[in-house]
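Examining the three-dimensional arrangement
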Amino acid sequence: MAGQTKGANLINTIAVARDRLGEQRFAELLERLPERTRELVKRRIVAVEWVALDDWMPFLQTLFAEHCRSDEVQWREWAHAFCERDFNTVYKFFLKLGSPGFIIGRAARVWRTYNDSGQLEVLSREQREKETHILMRLSDFEPYPLYAVSVQGFMEQLLAMSGAKASTVRMTARDVKNGRLVAEYAITYS
């Protein structure tokens, strides 16, 4: 069985897309989706339900291709909006828990709460002068490279919202090996 993600990951993403596109363009987008994806996006999604990534990803991929012109920088800006909406509603308390490093580490630890496949982990963390350097890896995930870009955008926004200064999140590796997505991120902030 293909991987699944929690409905919580979909709810605000759909709302942001609808807000940014407007009802007409959003309806046009839905018409171009596979039937299962269209029905998923149209129905009421419950935050705790599991949703098949194979049903969800066509929505993200179509949004990326048609409204970001397959530009990853633009897609990360959309991911910033998805993240901001997530963490300004139900998850706002999450940002009050500690430092930017704590937030990044916590995001890695809760990965499996929201995704039943893959692993997001902090590989290393070091302090150099006034900068913190973190290396993260997303591994053993479904073969959707766009998801790796979404994670990068989320990490960028989490750092911004947690008060990190001069922060950068660079994707240093991304590949699909043996049908599984692997990506690495070099994170720096002061």
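Quick summary incoming for the structure in this document.

How each quantity is defined
- Residues numbered from 1 in each chain as written.
- Predicted model: local features only at pLDDT ≥ 70, side-chain atom pairs only at ≥ 80, totals over all residues.
- Heavy atoms only, no water.
- Salt bridge = Lys/Arg side-chain N within 4 Å of Asp/Glu carboxyl O.
- Helix = DSSP H or I, 4+ residues; strand = E, 2+ residues; numbered from the N terminus.
- Buried < 20%, exposed > 50% of the residue type's maximum accessible area, 1.4 Å probe, protein only.
- Polar contact = N/O pair within 3.5 Å; in protein donor to acceptor, adjacent residues only side chain to side chain.
- Contact = heavy atoms within 4.5 Å.
- Axes fitted to C-alpha atoms, helices over the stretch in contact; angles between N-to-C directions.
- Left-handed = near helix turned anticlockwise from the far one by under 90°.
- Nonpolar A, V, L, I, M, F, W, Y, C, P; charged D, E, K, R; others polar.
- Disulfide = S-S within 2.5 Å.
- Expected span 1.5 Å × (residues − 1).
- Pairing = 2+ DSSP bridges.

Tallied over the entire structure, the rule returns 12 salt bridges. Where Glu 35 meets Arg 38, a salt bridge forms, and the shortest distance between an N and an O atom there is 2.7 Å. One end of the pair, Glu 35, and the other, Arg 38, are both in helix H2 (residues 35–42), three residues apart, so they sit about a helical turn from each other. Since its relative accessible area comes to 47%, Glu 35 is described here as partly exposed. For Arg 38, a relative accessible area of 13% gives the class buried.

Once that is clear, we can look at the side chain of Thr 5. Mapped onto the fold, Thr 5 is located in strand S1 (residues 4–6). Polar side-chain contacts of Thr 5 include one of 3.0 Å to the backbone oxygen of Tyr 114. A polar contact is formed between the side chain of Thr 5 and the side chain of Asn 115, at a distance of 3.2 Å. When sequence neighbours within four positions are dropped, the list of residues in contact with Thr 5 reads Leu 10, Glu 49, Trp 50, Val 51, Leu 53, Trp 56, Tyr 114, Asn 115 and Tyr 147.

In helix packing, the relevant descriptors are the interaxial angle and the interaxial distance, both defined with respect to the helix axes. Contact pair helix H5 (residues 100–109) / helix H7 (residues 145–161): the axes reach a minimum separation of 9 Å and the direction vectors enclose 145°. The chirality of how H5 crosses H7 is right-handed. Note on element contacts: H7 touches H5 through Met 155, Leu 158 and Leu 159, opposite Pro 100, Ile 103, Ile 104 and Ala 107. Residues that form the contact of H5 with H7 fall into these classes: seven nonpolar, no polar and no charged.

A few words now on unusual backbone geometry. Phi at Arg 69 is positive, roughly 50°, even though this residue is not glycine. Tracing the backbone shows Arg 69 in the loop between helix H3 (53–67) and helix H4 (72–87). A positive phi angle, near 55°, is found at Asp 140, a position not held by glycine. Mapping Asp 140 onto the fold places it in strand S4 (residues 131–141).

Turning next to the state of the cysteines. Enumeration over the complete set of coordinates arrives at zero disulfides. Just so you know, Cys 68 is unpaired, no disulfide at all, and the nearest cysteine sulfur is the one on Cys 83, 16 Å from it. For Cys 83, a relative accessible area of 0% translates into the label buried.

Attention shifts here to helix H1 (residues 8–31). When the terminal C-alpha atoms of H1 are compared, their 23 Å separation across 24 residues is substantially less than the 34 Å that a helix rising 1.5 Å per residue should span. In this structure, the buried side of H1 is in contact with S1, H2, strand S2 (50–52), H3, H4 and helix H6 (111–114).

Pairing between the strands of a sheet is mediated by backbone hydrogen bonds and can be parallel or antiparallel. Judged by pairing direction, the sheet is antiparallel, and its four strands sit side by side in the order S3-S4-S6-S5 without closing on themselves. The open sheet has two free edges, formed respectively by strand S3 (119–128) and strand S5 (168–177), since each of these has just one partner strand. Recorded for the sheet is a direction-independent mean angle of 10° between the axes of neighbouring strands. As judged from the eight bridges shared by S4 and strand S6 (residues 180–189), these two strands associate in the antiparallel manner. Across the sheet, the residue bridging to Leu 135 is Ala 186, located in S6. Across the sheet, H5 is in contact with S3, S4 and S6; its angle to S3 comes to roughly 160°.

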